[in-house]
Amino acid sequence: MNAGNVTPDSVEQKAHTLTRQTLDAIRPAIGAAAHTGADRGRWEACTTETPGQHRFQYTYTVDVAVPENASAAVMTAARAHFTEMGYLLDPSDGTGRRAGATLPKSTWTVRLGVKDASTTVIETGSDCVFTTHDPHTGAN
């Protein structure tokens, strides 16, 4: 198998960094809110393969304790951060319950959404990348 040029560790690190930057940006709107569950990272094999090379995508999810009534302020803070960083904003859903963006010249995304009355989820993900070796997906 021909290896790609991206290490799974570097993909995971970038996802964690983007998530931490987003958490830092929304902290004024959430105060000292803590994670409400374990951080979750997930690798998935991409459906379109190139012979001899494997592509994978990574998703990193963090639950944050945010009361639903504070979600509009959180989403406003997230959109301001994304704009400041030069990200391409997702269209607004008009509810104040979701925010998201794609990094410039990239397929990396950062999205936030209200999960329930007390939790907001931050999900950071890469698109399919050629990795130097197959990451652990649970299937390999």
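Residues numbered from 1 in each chain as written. Predicted model: local features only at pLDDT ≥ 70, side-chain atom pairs only at ≥ 80, totals over all residues. Heavy atoms only, no water.

Caption draft 1: Region of the structure containing the overall build of the protein. Each helix and strand in the protein was counted, giving two helices and seven strands. The secondary structure elements of the protein, listed N-terminal to C-terminal, are α-β-β-α-β-β-β-β-β. The buried share among the 140 residues of the protein stands at 40%. Sequence separation of at least 24 residues holds for 61% of the intrachain contacts in the protein that already meet a minimum separation of 6. When the accessible surface of the protein is summed, it comes to about 7,500 Å², and 53% of that surface belongs to carbon and sulfur atoms. (Helix = DSSP H or I, 4+ residues; strand = E, 2+ residues; numbered from the N terminus. Buried < 20%, exposed > 50% of the residue type's maximum accessible area, 1.4 Å probe, protein only. Contact = heavy atoms within 4.5 Å. Areas by Shrake-Rupley, 256 points an atom, 1.4 Å probe, with all protein chains shown as cover.)

Caption draft 2: Region of interest: the packing of aromatic side chains. By the definition in use, this model includes three aromatic pairs. Arranged with centres 4.9 Å apart and planes meeting at 45°, the rings of Trp43 and Tyr58 form a pair that is tilted. With Trp43 in strand 1 (residues 40-45) and Tyr58 in strand 2 (residues 55-65), this residue pair connects regions lying 15 residues apart in the sequence. Owing to a relative accessible area of 6%, Trp43 belongs among the buried residues under this scheme. On the accessibility criterion, Tyr58 (4% relative accessible area) is buried. Here the aromatic residues Trp43, Phe56 and Tyr58 are joined through ring pairs into a cluster of three or more. A cation sits over an aromatic face here: Arg55 above Phe130, 5.7 Å from the ring centre. (Phe/Tyr/Trp six-rings, centres within 6.5 Å; stacked < 30°, edge-to-face > 60°. Lys NZ or Arg CZ within 6 Å of the ring centre and 35° of its normal.)

Caption draft 3: Just the pattern of salt bridges, in detail. For the structure on display, the rule yields six salt bridges. Glu44 serves as the salt-bridge partner of Arg42, at 2.7 Å between the closest nitrogen and oxygen. Classification of Arg42 as partly exposed rests on a relative accessible area of 42%. It is possible to trace a salt-bridge network through shared partners that takes in Arg40, Asp63 and Lys115. (Salt bridge = Lys/Arg side-chain N within 4 Å of Asp/Glu carboxyl O.)

Caption draft 4: Molecular detail of the nonpolar core. Grouped together as the largest cluster of nonpolar side chains are 29 residues, with contacts concentrated most on Ile26, Val64, Val74, Phe82, Leu112 and Ile122. At the level of secondary structure, the elements contributing two or more residues to this core comprise helix 1 (8-30), strand 2, helix 2 (71-84), strand 4 (98-102) and strand 5 (109-116). By residue number, the principal contributor to this core is helix 1, which donates six residues. Look past the residues within four positions of Phe82 in its chain and what remains in contact with it is Thr22, Tyr87, Leu89, Ala99, Gly100, Ala101, Val110 and Leu112. (Core = buried A, V, L, I, M, F, W, Y, C linked by side-chain atoms within 4.5 Å.)

Caption draft 5: Molecular detail of helix 2. The terminal C-alpha atoms of helix 2, which comprises 14 residues, lie 20 Å apart, in line with the 20 Å expected from a rise of 1.5 Å per residue. All buried positions along helix 2 are accounted for by Ser71, Val74, Met75, Ala77, Ala78, His81 and Phe82. Considered in projection along helix 2, the buried side chains sweep an arc of 160° and stay on one side of the axis. Within two residues after helix 2, Gly86 carries a phi angle of roughly 85°, on the positive side. (Expected span 1.5 Å × (residues − 1). Arc of directions from axis to C-beta.)

Caption draft 6: Spotlight on the environment of Arg79. You can see Arg79 is positioned in helix 2. The spacing of Arg79 and Arg98 is 19 residues in sequence and 9.7 Å in space, taken between C-alpha atoms. With near-sequence residues (within four places) excluded, Arg79 lies in contact with Leu89, Arg98 and Ala99.

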